[in-house]
Amino acid sequence: MRWAWLFAALTIGCHRLPPPLTTTQDPASLLGRALGLPTTDPVSNRFSIHIHTPDQDITAWGGLVVRAPDHFRVEIAGPIGPPVLIIACDGVAVNAWLSPKQTFYAGPDADATLRTITGGSAGLDVVTAMLVGQLPAVLGTPAGSAAVPPYEWTWWWTSPDGSRLTAGLDTRTSRLVEVNAQDPTGRVLLRGRLTHADLTSRYPTRLAADLPTLYASVQVDFGEWRPAAPKDIAFVIAPPEGATVHPLGAPSGG
């Protein structure tokens with residue numbers, strides 16, 4: 001089931017940044033500043049999304065609400081009508097409802113599910129933070145780093161199984177601009193970039209991703225980020241009556 005994890009894996013869009021607000025040359029200070037950002041308050045956003053696969057191009061609209069460190073809800077709909085896809089994470093479970101197929105995908109252990117999807121590179125805290133363009137402190141000490149001219153520095157984190165997560169920051173602004181994930185064999189699972197056209201905001205304006213193993217790419221153009229006060233029920237969905245239930249990540253049979 002592509003849609004649920006096209007968004008959960010997410011991040012990209014290759015655009016040149018406007019003139020910098022600040023200049024940062026010391027990599028250690030740059031990383032420390034990015035990791036030291038306070039956790040974002042709950043926020044919501046309305047966005048447009050374009051999904052490309054070898055056999056289709058889909059443009060849709062959606063809404064997103066995020067409550068750090070590990071809660072989010074995403075709804076995606078066509079030009080008219082109710083959402084065709086809902087993804088909800090309550091900090092323990094990640095579930096998805098795909099209404100055109102009347103299929104409910106159940107992921108009772110969110111962190112383990114996400115680590116499976118990303119080859120062990122990213123858990124629930126990491127994905128939730130990156131949905132709002134933040135480098136999460138839970139990544140810990142990086143295994144290495146390197147300069148990427150002209151204005152980027154990247155760090156990478158490795159898991160015991162050999163999987164790897166790479167994140168890049170713009171040295172002028174300290175903003176997260178790149179995320180890549182590889183499985184233990186070196187196979188690329190995600191190549192992503194974030195765009196920050198509004199340098200007065202901590203949040204991204206575009207999020208795009210290539211997912212080679214799914215032969216898919218995704219581009220999300222965000223609207224205005226707004227403060228939110230979601231109730232716990234917003235992050236919980238249950239199978240509607242008559243739904244076919246599958247484990248999250250399992251094929252739906254069509």
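Residues numbered from 1 in each chain as written. Predicted model: local features only at pLDDT ≥ 70, side-chain atom pairs only at ≥ 80, totals over all residues. Heavy atoms only, no water.

Turning next to the packing of aromatic side chains. The description of two aromatic rings rests on the distance between their centres and on the angle between their planes. In this structure the tally under the stated criterion is three aromatic pairs. Judged by centre distance (6.3 Å) and plane angle (75 degrees), the ring pair of phenylalanine 47 and phenylalanine 222 falls under edge-to-face. Of this pair, phenylalanine 47 sits in strand S1 (residues 43-53) while phenylalanine 222 sits in strand S13 (residues 216-222), and the two are 175 residues apart along the sequence. Through pairs of rings, three or more aromatic residues link up here, namely Phe47, Tyr203, Phe222 and Trp225. The cationic tip of arginine 172 hangs over the ring face of tyrosine 151; the distance from NZ or CZ to the ring centre is 4.0 Å. (Phe/Tyr/Trp six-rings, centres within 6.5 Å; stacked < 30°, edge-to-face > 60°. Helix = DSSP H or I, 4+ residues; strand = E, 2+ residues; numbered from the N terminus. Lys NZ or Arg CZ within 6 Å of the ring centre and 35° of its normal.)

Burial runs high along strand S6 (residues 103-107): four of the five residues are buried. Judged from the five bridges that link them, strand S5 (residues 94-98) and S6 form a sheet pairing that is antiparallel. Opposite leucine 98, over in S6, you have threonine 103 as the bridge partner. Hairpin connection of S5 to S6: four residues between the antiparallel strands, including glutamine 102 at a positive phi of 50 degrees. Bridge count between S6 and strand S15 (residues 244-247): four bridges; the pairing is parallel. Each bridged residue has a counterpart across the sheet, and for tyrosine 105 the counterpart in S15 is histidine 246. (Buried < 20%, exposed > 50% of the residue type's maximum accessible area, 1.4 Å probe, protein only. Pairing = 2+ DSSP bridges.)

Averaged over every residue, the pLDDT of the protein chain is 83; the share at 70 or more is 84%. Taken element by element, the protein chain is modelled with least confidence in helix H1 (residues 2-8), mean pLDDT 43, and with most confidence in strand S14 (residues 226-227), mean pLDDT 96. Contacts of residues 1-24 to residues separated by more than four positions or lying in other chains number 94 contacts, the stretch itself having pLDDT below 50. (pLDDT = per-residue confidence, 0-100. Contact = heavy atoms within 4.5 Å.)

Our focus in this paragraph is the nonpolar core. A general feature of soluble globular proteins is that nonpolar side chains tend to end up buried together. Phe47, Ile49, Phe72, Leu135 and Leu176 are the most contacted members of the largest nonpolar core, which has 48 residues in total. Sequence-distant contacts of leucine 135, that is, excluding residues within four places in its chain, are made with Leu31, Ala34, Leu35, Met130, Trp157, Ala167, Leu169 and Leu176. Ile86, Ala88, Ile237 and Ala243 belong to the second-largest nonpolar core, a separate cluster that totals six residues. (Core = buried A, V, L, I, M, F, W, Y, C linked by side-chain atoms within 4.5 Å.)

Structurally, serine 201 is set in the loop between strand S11 (188-195) and strand S12 (206-211). With relative accessibility at 17%, the residue serine 201 sits in the buried group. A distance of 3.1 Å separates a polar atom in the side chain of serine 201 from the backbone nitrogen of tyrosine 203. (Polar contact = N/O pair within 3.5 Å; in protein donor to acceptor, adjacent residues only side chain to side chain.)

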